[in-house]
Amino acid sequence: MLLLRFLGSTALSLFGYLGQLMFLMLETVRSLLTTPIRWRLALHQILEVGYRSQLVVIVTGGFTGAVFAAQTYFQFHRLSMDTAVGAVVAVSMFRELGPVLTGLMVAGRVGAAMSAEIGTMKVTEQLDALRSLGVHPVDYLVAPRAIAMMISMPLLVAECVGIGIKAGQFVAVKLMGVAEVYYVNYMEKFTALRDLEMALTKGFVFGILIVFVACNEGLRSKEGAVGVGRATTEAVVIGSLLILVVNFFLTMILNIFFPGGR
Amino acid sequence: MLSVKGLTKQIGEQQILRGIDLEVDAGETLVIIGRSGSGKSVLLKHLIGLMTPTSGQVYIEGKQIVGLKERQLLPLRKTVGMMFQGCALFDAMTVQENIAFPLREAGERDPKIIHDKVAQALEVVDLTGHEQKMPVNLSGGMKKRVALARVVITRPHCVLYDEPTAGLDPVVSDSINHLIRRLQKRFGVTSIVVTHDMKCAAYVADKVAYLHEGAIYFYGAFDELLASDDPLIQDFIEGRSGDSD
């Protein structure tokens, strides 16, 4: 009985939360369609999301590609399949590692910042001040951030993938001694435009998840510093978990449109 | 200009407002006084639609606002400005950007017009020369003045003040009181001031409403309030808690 009650309340909370996210998304779509877009704010957010995430994305992509290439080489070398390392690294970076790791890093860096900023505005009555001045918080705060994330995330994913592949190539060719011509040839043979399309689509979807979870947590943060801290933590945790869960379903769906393999 | 009928607000088990009826005429200044936790700030937030009542009606210039959606309230709020207790200045913007914010949001793009209007608003609140400062670098009194300048720059018909002198020293409080009166005289705005500062109430009030446990306990002129022999009101005026050492 207790278990049933627990499961029931958990399911209700989950649906309630998804409902909040859906409501915020619809309000944002409405804002984008019916009110003038604040491009100056959107550009500022693109700078925050895109430019200021460079170090995180470069380090994540570079070292993930490098270590993945090394591990793949160690295993494949036993089977004399050294030249296949490039293909494995490239396909993995495009279809999974690039989008997911970029999503997780951006959820941590940008999602937390967004949630903390909006949450602080809420507890210091700045959101009420916006409303009292006749400005809808979704128009002013959420819509520009959503635009910035939808533009920046696919580009960050592409950057992460590119750097990961190059780092993998450096490790395989320069450190492990794999013949570069075979490495590149196999990589080109097993990757195609559909892999890039899948990476960019995932980046776009993860960007939407991150921005709406972060903004929702900020807008709903309770009074006080503790509330803002909790909202920030939850923005990162929920955003990261959603990325991992949605990634599975997205992979299954996108594989229909962008099938893997040759 | 602004009226409230049968306003009640319940949050959880707690009854915050219990059937408030109020009417404020154009150009009038109503001061709402009462002890901390009596529901003054909650009442003020209902007047501009920042909170939704459990029951009752709120009218702004004859238009009923309870039940309107957020986007329907936005144009109405441009006729009623609010100065928040904590000032609620946008901390990522300079003083000038804060004051210019309502103008820009109203669609004004001409930098010269914006600059002139901001300069005029700063002159009204005696803050000329502080345009480029960030809110974090302002004193409490200066923040209140900037908040006031931001409210009045678009010339709302009515201004709501939430504890305008709270946390300020007596001299700065006095200057804020003069400012409220000056704005009322200069622009003829209707004002509703929530305070527990009796000096502020004495200086700015045309009418006073004493809120006690979520209901209007007294309504009338300030002199009538002073003349009242009701012990509750006298305790409030004299600042007597009834506690002994």
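Not measured: the values here are computed from a predicted model.

What counts and how
Residues numbered from 1 in each chain as written. Chains lettered and ligands numbered in written order. Predicted model: local features only at pLDDT ≥ 70, side-chain atom pairs only at ≥ 80, totals over all residues. Heavy atoms only, no water. Helix = DSSP H or I, 4+ residues; strand = E, 2+ residues; numbered from the N terminus. Expected span 1.5 Å × (residues − 1). Bend = angle between axes of the 7 residues up to and from the residue. Pairing = 2+ DSSP bridges. Contact = heavy atoms within 4.5 Å. Disulfide = S-S within 2.5 Å. Buried < 20%, exposed > 50% of the residue type's maximum accessible area, 1.4 Å probe, protein only. Salt bridge = Lys/Arg side-chain N within 4 Å of Asp/Glu carboxyl O. Patch = residues over 30% accessible without salt bridge, like charges linked within 9 Å, V, L, I, M, F, W, Y side chains within 5 Å. Areas by Shrake-Rupley, 256 points an atom, 1.4 Å probe, with all protein chains shown as cover. Axes fitted to C-alpha atoms, helices over the stretch in contact; angles between N-to-C directions. Left-handed = near helix turned anticlockwise from the far one by under 90°. Buried area = accessible area lost by both parts, 1.4 Å probe. Polar contact = N/O pair within 3.5 Å; in protein donor to acceptor, adjacent residues only side chain to side chain. Phe/Tyr/Trp six-rings, centres within 6.5 Å; stacked < 30°, edge-to-face > 60°. Lys, Arg positive; Asp, Glu negative; His and termini not counted. Domains from an automatic or database assignment. Nonpolar A, V, L, I, M, F, W, Y, C, P; charged D, E, K, R; others polar.

## What to know about helix α9 (residues 224-257) of chain A
Part 1 of the reasoning: With 34 residues, α9(A) extends 47 Å between its outermost C-alpha atoms, agreeing within 8% with the 50 Å of an ideal straight helix rising 1.5 Å per residue.
Part 2 of the reasoning: The largest bend along α9(A) measures about 25° and falls at A:N247.

## Some details on the sheet that holds strand β1 (residues 2-11) of chain B
All names here are of chain B.
Part 1 of the reasoning: The sheet built from four strands is open, its strands ordered β2-β1-β4-β5 with antiparallel pairing. Among the strands making up the open sheet, the edge pair consists of β2 (14-24) and β5 (63-64).
Part 2 of the reasoning: Alignment of β1 against β2, held across eight bridges, turns out to be antiparallel. In the strand pairing of β2, L2 is matched with V24.

## A word on the environment of B:V151
Residue and element names in this part refer to chain B.
Part 1 of the reasoning: Summarising the element assignment, V151 is placed in helix α5 (residues 140-152).
Part 2 of the reasoning: Separated by 52 residues in sequence, V151 and I99 have C-alpha atoms that sit 7.9 Å apart.
Part 3 of the reasoning: If near-sequence neighbours (up to four positions away) are discounted, V151 is found in contact with G81, M82, M83, P156 and V159.

## Topic: the state of the cysteines
Residue and element names in this part refer to chain B.
Part 1 of the reasoning: On inspection of all chains with the given rule, the structure shows zero disulfides over all chains.
Part 2 of the reasoning: Distance from the sulfur of C200, which forms no disulfide, to the nearest cysteine sulfur (C87) is 14 Å.
Part 3 of the reasoning: Residue class for C200 comes out buried when judged on its relative accessible area of 0%.

## Overview of the pattern of salt bridges
Close approach of charged atoms lets side chains of opposite charge pair.
Part 1 of the reasoning: Tallying each qualifying case throughout the model produces 18 salt bridges over all chains.
Part 2 of the reasoning: Put simply, B:R71 and A:E27 hold a salt bridge, and the shortest N to O gap is 2.8 Å. Here A:E27 lies in helix α1 (residues 2-34) and B:R71 lies in helix α2 (residues 70-77), a pairing that spans two chains. The same class applies to B:R71 and to A:E27, which are both buried.
Part 3 of the reasoning: Taking the shortest distance from any N to any O, the salt bridge between B:D126 and B:R145 comes out at 3.9 Å.

## Observations concerning a nonpolar patch on the surface
Part 1 of the reasoning: A grouping of A:V245, A:F248, A:F249, A:M252, A:I253, A:I256 and A:F257 is seen on the molecular surface, where their side chains present a nonpolar patch of about 780 Å² in accessible area.
Part 2 of the reasoning: On the secondary structure map, A:I253 appears in helix α9.

## Considerations on the packing of helix α6 (residues 137-175) of chain A against helix α7 (residues 180-190) of chain A
All names here are of chain A.
Part 1 of the reasoning: Relative to each other, α6 and α7 sit at 145°, their axes nearing to 10 Å. Crossing of α6 over α7 shows right-handed handedness. Every residue of α7 that contacts α6 at I165, G168, Q169, A172 and V173 is listed here: E180, Y183, V184 and M187.

## Thoughts on the interface of chain B and chain A
By a frequent convention, interface size equals the accessible area lost on bringing the separate parts together.
Part 1 of the reasoning: Each partner contributes residues to the interface: chain B has 23 residues there, and chain A has 20 residues.
Part 2 of the reasoning: Both faces considered, chain B and chain A share a buried interface measuring about 1900 Å² in area, 54% of it formed by carbon and sulfur atoms.
Part 3 of the reasoning: The tally of links from chain B across to chain A stands at six salt bridges.
Part 4 of the reasoning: When the shortest N-O distance is used, the salt bridge between B:K45 and A:D128 registers 3.3 Å.
Part 5 of the reasoning: At the junction of chain B and chain A, the tally comes to eight residue pairs in polar contact (both at pLDDT 80 or more).

## A word on the side chain of B:S191
All names here are of chain B.
Part 1 of the reasoning: Turning to its location among the elements, S191 is positioned in strand β8 (residues 190-194).
Part 2 of the reasoning: Residue S191 is classed as buried on the basis of its relative accessible area, which comes to 0%.
Part 3 of the reasoning: Discounting chain neighbours no more than four positions away, the residues touching S191 are E28, T29, L30, V159, Y161 and Q184.

## Topic: the sheet that holds β8(B)
Strand pairing in a sheet takes place through backbone hydrogen bonds and is either antiparallel or parallel in direction.
Residues and elements named next belong to chain B.
Part 1 of the reasoning: Pairing within the open sheet is mixed, and its six strands lie in the order β6-β7-β8-β3-β9-β10. Two strands bound the open sheet, and with one partner strand each, they are β6 (80-83) and β10 (215-220). Mean inter-strand twist for the sheet, computed between neighbouring axes without regard to direction, equals 15°.
Part 2 of the reasoning: Relative to β8, strand β7 (residues 158-162) is paired through five bridges, and the arrangement is parallel. Paired with V159 across the bridge in β8 is S191.
Part 3 of the reasoning: Against the sheet, α5 makes contact with β6 and β7, and its axis sits at roughly 170° relative to β6, the strand it touches most.
Part 4 of the reasoning: Together, β3 (29-33), β9 (207-212) and β10 form the strand contacts of helix α9 (residues 231-238), whose direction differs from that of β9 by roughly 105°.

## Looking at the packing of aromatic side chains
Part 1 of the reasoning: Within the structure shown, the criterion is met by seven aromatic pairs over all chains.
Part 2 of the reasoning: Their ring planes at 20° and their centres at 6.4 Å tell us that A:Y186 and A:F190 sit as a pair that is stacked. Here A:Y186 pairs with A:F190, and both are found in helix α7, just four residues apart, close to one helical turn.
Part 3 of the reasoning: Given a relative accessible area of 30%, A:Y186 falls into the partly exposed group.
Part 4 of the reasoning: Of the residues examined, A:F190 reaches a relative accessible area of 33% and is grouped as partly exposed.
Part 5 of the reasoning: Members of the aromatic cluster, connected to one another through ring pairs, are A:Y140, B:F90 and B:F101.

## Focus: the side chain of B:E163
All names here are of chain B.
Part 1 of the reasoning: Along the polypeptide, E163 turns up in the loop between β7 and α6 (170-187).
Part 2 of the reasoning: For the buried residue E163, which engages in no salt bridge, the nearest side chain bearing the opposite charge is K40, 4.0 Å off.
Part 3 of the reasoning: When sequence neighbours within four positions are dropped, the list of residues in contact with E163 reads K40, Q85, K144, V194, T195 and H196.

## Details of the domain arrangement of chain B
All names here are of chain B.
Part 1 of the reasoning: Here chain B is partitioned into domain 1 (1-73 + 159-170 + 187-240) and domain 2 (80-155).
Part 2 of the reasoning: Relative placement of domain 1 and domain 2: their C-alpha centres are 25 Å apart.
Part 3 of the reasoning: Counting from both sides, the interface comprises 16 residues of domain 1 and, opposite them, 14 residues of domain 2.
Part 4 of the reasoning: Taking both partners together, domain 1 and domain 2 bury about 1300 Å²; carbon and sulfur atoms supply 76% of that area.
Part 5 of the reasoning: Summed over the three residues of domain 1 that lose the most area to domain 2, namely V159, D162 and F187, the buried surface amounts to 35% of that side.
Part 6 of the reasoning: One can count zero salt bridges joining domain 1 with domain 2.
Part 7 of the reasoning: Here domain 1 is connected to domain 2 by five residue pairs in polar contact (both at pLDDT 80 or more).
Part 8 of the reasoning: Considering each element in turn, the side of domain 1 that touches domain 2 owes the most residues, four residues, to β7.
Part 9 of the reasoning: When the residues that make up the side of domain 1 that touches domain 2 are grouped by side-chain class, the tally is twelve nonpolar, one polar and three charged.

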